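Given next are the chains, with one letter for each unit.
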There are 2 protein chains.
Amino acid sequence: MDLISGARAFVAVARRQSFSAAARDEQTTQPVISRRVAGLEAQLGGALLERNTRQVRLTALGTALLEHVQALLGAERSLVDAAASHHRGTVRLLVPRDLDPARWAALRLRARGAGTDLDIEEAGRELRTLRFRLGEADAAVLPVETARADWVVPLGLAQVTDRRRPLSLGALRPTRALGPKAASNLLVLAEDASGQLLSALRESAAASGLAAHQVHESPSVVSALAGALAGDDWILCTREQASAWRLQWFEVPELALTRAYRLELRTPDGRQLFNPALRRDIAAALGANREEQP
Amino acid sequence: MDLISGARAFVAVARRQSFSAAARDEQTTQPVISRRVAGLEAQLGGALLERNTRQVRLTALGTALLEHVQALLGAERSLVDAAASHHRGTVRLLVPRDLDPARWAALRLRARGAGTDLDIEEAGRELRTLRFRLGEADAAVLPVETARADWVVPLGLAQVTDRRRPLSLGALRPTRALGPKAASNLLVLAEDASGQLLSALRESAAASGLAAHQVHESPSVVSALAGALAGDDWILCTREQASAWRLQWFEVPELALTRAYRLELRTPDGRQLFNPALRRDIAAALGANREEQP
DNA sequence: CCCAGTTACGGGGCTCGTAAAAATA
DNA sequence: TATTTTTACGAGCCCCGTAACTGGG
């Protein structure tokens, strides 16, 4: 019995809660699904599904193993995808979310001009690191400590405001007149919400007299923008992001926070593809002024 | 053609650089290996191996895909292992390295007394997190921020010394009499070598007048102990580790560094296994004084 | 010419789809 | 009883091992 066929059948049945529906999904007949699942169960030494004629449910073993089986199918998909992309000469690059798509499109165009199909995919910080490690991409722009960075992007605070003077953290202090409801929050985007940055930020905030709850992670750009467009909250972001979102951006010297990125490559032969011109495009997309000198 | 059979054959040939040797390893005949590799190559759309009658070498595609194929086999192994351990009622726990093995043995014994076979495996900080996420263990003692921690272990500095007075960082300042060669180094073990801790430590060290190069990561406990036993270097470690290694341990108030751990569980039904008694054993193994109150 | 990998070939096992049986609400 | 899964069964395919073939050093 083919383990992978069994795995596909099992996952399909678990998803649809039905052998018949799974058979339709898998383009085969229902007895085949039944036998494949039975074969997988035999190999794993126990029932994965509890079948009544009315409903199908996962057993304890099935619950425990479902994600392992999905991981196996993920590894298979990853292998086949890698082979296909190698065949097409495609290089898969993982980049941060919430940056200017046009910049990434420009990067893709320049790579195509150099004869390479660069497949750019946006992903969150954690997922980018994980997926690159799992081999689902050939290259990734990953957060690193400043010393190892290829690009360093300064962060500031952005809001819709008519303020002209420089901004300092103290200006976000809650005032009695406004009341606790109207306190300005300092919103950290998912891309920056690492423990290290958050703790550093909370420390600076506390030193400037801000309350602990004023600094918090924003679940999405949309929710963050809601507060910033209303003139209530301040978003921690780059100058380019603020500009794209039509916000005023202020450097805050007390913060001195940055995003530090490095281009990580799976194989060393990607070095020739990512030449200085492409790296400048990446810098532009990230909002970095210049490339770091290693 | 079975993808996994092909994968096993390919990896075996790549390892042994020979179809015949791979056939012996895989307990089958050489033509079978040949066909399985050919089948995998057909599925992936290109040659993985370059065969001369004298030598076998990886092609570019083979090089690019080898680790993906190994990942696939790893996922299969992981699935089968998880099924087997579930069947035996085994719970697999990943714990930090370089702690007292006897403490972990005591934990294992207590779990066995409660009717559970607890399979304890030591692994480095990064690998522990990665392997737990990949589902290669049911539970893991992972580093987290202090606020979420189940256990917090204070760190101090240890060395062979006859010093009786309290230690301060300034005592490690290089003196002209000793010369640059004889400067005391502050060694950080792999378990603590996170960017966050290292940067905090370097900052404290600089504030006490230490040179930047005096703080560095130690590749292994053995190499760290060589310096500490000679009375030259100071190891950053817990009181229990210092005691096991026959070193004198000093709390350094200027540092206030800790290891903060949390027991992460794959399935919520592990909560009843890891009762307060087992958690106390884990605390003892980690060198924590007491369990944190969440 | 030798050695290692590939191809040929007959046998057997395994999986397939159709159809009938079984099981449960 | 009705619906869904399992089992039965013949057909065909695919994989296996043995043995002959091929090709490079």
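Residues numbered from 1 in each chain as written. Chains lettered and ligands numbered in written order. Predicted model: local features only at pLDDT ≥ 70, side-chain atom pairs only at ≥ 80, totals over all residues. Heavy atoms only, no water.

- Chain A is annotated in an unreviewed UniProt entry as Transcriptional regulator, LysR family of Pseudarthrobacter chlorophenolicus.
- UniProt, in the comment section headed Sequence similarities (unreviewed entry), describes chain A in these words: "Belongs to the LysR transcriptional regulatory family." (UniProt positions renumbered as here; feature names shortened; annotations may be inferred.)

**Side note on the interface of chain A and chain B**
- With 33 residues of chain A at the contact, the number on the chain B side is 33 residues.
- Taken together, the two surfaces of chain A and chain B that pack against each other cover about 2,700 Å², and 68% of this comes from carbon and sulfur.
- Taken as a group, H68, L79 and H86 of chain A account for 22% of the area that chain A buries against chain B, more than any other trio of residues on that side.
- Inspection of the region where chain A meets chain B yields four salt bridges.
- Where E126 of chain A meets R133 of chain B, a salt bridge forms, and the shortest distance between an N and an O atom there is 3.8 Å.
- Taken together, the connections running from chain A to chain B amount to nine residue pairs in polar contact (both at pLDDT 80 or more).
- The leading source of residues in the side of chain A that touches chain B is helix α4 (residues 60-88) of chain A, at 18 residues.
- Residues that form the side of chain A that touches chain B fall into these classes: 17 nonpolar, nine polar and seven charged. (Contact = heavy atoms within 4.5 Å. Buried area = accessible area lost by both parts, 1.4 Å probe. Salt bridge = Lys/Arg side-chain N within 4 Å of Asp/Glu carboxyl O. Polar contact = N/O pair within 3.5 Å; in protein donor to acceptor, adjacent residues only side chain to side chain. Helix = DSSP H or I, 4+ residues; strand = E, 2+ residues; numbered from the N terminus. Nonpolar A, V, L, I, M, F, W, Y, C, P; charged D, E, K, R; others polar.)

**Section: the relation of the copies chain A and chain B**
- The transformation that overlays chain A on chain B combines an axial shift of 0.1 Å with a rotation of 180°, and the residual RMSD is 0.1 Å. The transformation relating the two chain copies, once decomposed into turn and shift, fits a two-fold axis.
- The share of interface residues of chain A whose copies in chain B are also at the interface is 100%, consistent with both copies meeting through the same surface. (Least-squares fit on C-alpha atoms with pLDDT ≥ 70 in both.)

**Here's the deal with the protein's contact with DNA strand C**
- Around DNA strand C sit 21 residues in total, of which R36 of chain A together with S20, Q30, S34 and R51 of chain B are the nearest.
- Considering DNA strand C, the proportion of its atoms within 4 Å of the protein that are sugar or phosphate atoms stands at 60%.
- Measuring from a phosphate oxygen of DNA strand C, one finds a side-chain N or O atom of T29 of chain A at 3.3 Å.
- Contributing elements (two or more residues each) for the surface near DNA strand C: α3 (30-44) of chain A together with α2 (19-25) and α3 (30-44) of chain B.
- Residues of the surface near DNA strand C, tallied by class, amount to six nonpolar, nine polar and six charged. (Near = heavy atom within 4 Å.)

**Side note on the packing of helix α6 (residues 125-133) of chain A against helix α6 (residues 125-133) of chain B**
- At a minimum axis separation of 12 Å, α6 of chain A and α6 of chain B run at an interaxial angle of 85°. By the angle between their axes, α6 of chain A is roughly perpendicular relative to α6 of chain B. On α6 of chain B, the residues touching E126, L130 and R133 of chain A of α6 of chain A are E126, L130 and R133 of chain B.
- Residues that form the contact of α6 of chain A with α6 of chain B fall into these classes: two nonpolar, no polar and four charged. (Axes fitted to C-alpha atoms, helices over the stretch in contact; angles between N-to-C directions. Parallel < 35°, antiparallel > 145°, perpendicular 65-115°, else oblique.)

**A short note on the packing of aromatic side chains**
All names here are of chain A.
- For the coordinates displayed, the defined rule picks out two aromatic pairs over all chains.
- Ring centres 5.7 Å apart and planes at 70° place the aromatic pair W234 and F250 in the edge-to-face group. Placement of the pair is W234 in strand β10 (residues 234-237) and F250 in strand β11 (residues 248-250), with a sequence separation of 16 residues.
- Look at W234 and you get buried, because its relative accessible area is 5%.
- Overall, F250 belongs to the buried group, its relative accessible area being 9%.
- Above the plane of the ring of F132 lies R266, whose end atom (NZ or CZ) is 5.1 Å from the centre. (Phe/Tyr/Trp six-rings, centres within 6.5 Å; stacked < 30°, edge-to-face > 60°. Buried < 20%, exposed > 50% of the residue type's maximum accessible area, 1.4 Å probe, protein only. Lys NZ or Arg CZ within 6 Å of the ring centre and 35° of its normal.)

**Let's talk about the UniProt feature "domain: HTH lysR-type" (unreviewed entry) in chain A**
- According to UniProt, the feature "domain: HTH lysR-type" (unreviewed entry) maps to residues 1-59 of chain A in the numbering used here.
- Note that residues 1-59 of chain A is 61% helix and 10% strand, and that its end C-alpha atoms are spaced 21 Å apart.

**A word on the sheet that holds β10 of chain A**
All names here are of chain A.
- With mixed pairing, the five strands of this open sheet are ordered in space as β9-β8-β10-β7-β11. Sheet topology places β9 (215-217) and β11 at the edges, where each strand pairs with a single neighbour. The average undirected angle you get between the axes of adjacent strands in this sheet is 35°.
- Pairing between strand β8 (residues 186-188) and β9: three bridges, direction parallel. Paired with V188 across the bridge in β9 is E217.
- Helix α7 (residues 195-207) contacts β8, β9 and β10 of the sheet and is inclined by roughly 160° relative to β9.
- In the packing of helix α8 (residues 221-229) onto the sheet, contacts are made with β7 (156-159), β8 and β10, and the angle to β10 comes to roughly 130°. (Pairing = 2+ DSSP bridges.)

**So, empty space enclosed by the protein**
Residue and element names in this part refer to chain A.
- By the definition in use, this model includes one cavity of 30 Å³ or more.
- There is about 40 Å³ of room inside the largest cavity.
- If you go around the largest cavity, the residues you meet are P96, R97, D98, L99, L189, E191, Q241, R259 and Y261.
- When residues are assigned to domains, the lining of the largest cavity turns out to be shared by domain 2 (89-151 + 260-285) and domain 3 (156-256), each giving three or more. (1 Å grid on protein atoms, 1.4 Å probe; cavity = no way out; pocket = protein on both sides within 12 Å on 5 of 7 lines; lining within 4 Å. Points joined across faces, edges and corners; volume = space filled by probe spheres on them. Domains from an automatic or database assignment.)

**With respect to the pattern of salt bridges**
Residue and element names in this part refer to chain A.
- Per the stated rule, a full pass over the model turns up 34 salt bridges over all chains.
- E41 is the partner of R51 in a salt bridge, and the nearest nitrogen-oxygen pair spans 2.9 Å. Taken together, the residues span a long stretch of sequence, with R51 in strand β1 (residues 49-51) and E41 in helix α3 at a distance of 10 residues.
- Overall, the relative accessible area of 37% leaves R51 in the partly exposed class.
- Classification of E41 as buried rests on a relative accessible area of 9%.
- Here R108 and D117 are joined by a salt bridge, their closest N and O atoms 3.2 Å apart.
- D117 sits in the partly exposed class, given a relative accessible area of 27%.
- Taken together, the salt bridges that share partners define one network made up of E121, R131 and E136.

**Points about unusual backbone geometry**
- Within the chain, D98 of chain A stands out as a residue other than glycine whose phi angle is a positive 65°.
- As for its placement among the helices and strands, D98 of chain A is situated in the loop between β3 (90-95) and α5 (101-113).

**Quick look at the protein's contact with DNA strand D**
- In the vicinity of DNA strand D lie 20 residues, with S20, Q30, S34 and R51 of chain A together with R36 of chain B positioned nearest.
- Counting only atoms of DNA strand D within 4 Å of the protein, the fraction found in sugar and phosphate groups is 57%.
- The side chain of S20 of chain A places a nitrogen or oxygen atom 2.4 Å from a phosphate oxygen of DNA strand D.
- In the environment of DNA strand D, a phosphate oxygen lies 3.5 Å from a nitrogen or oxygen atom belonging to the side chain of T29 of chain B.
- Only α2 (19-25) and α3 of chain A together with α3 of chain B provide two or more residues apiece to the surface near DNA strand D.

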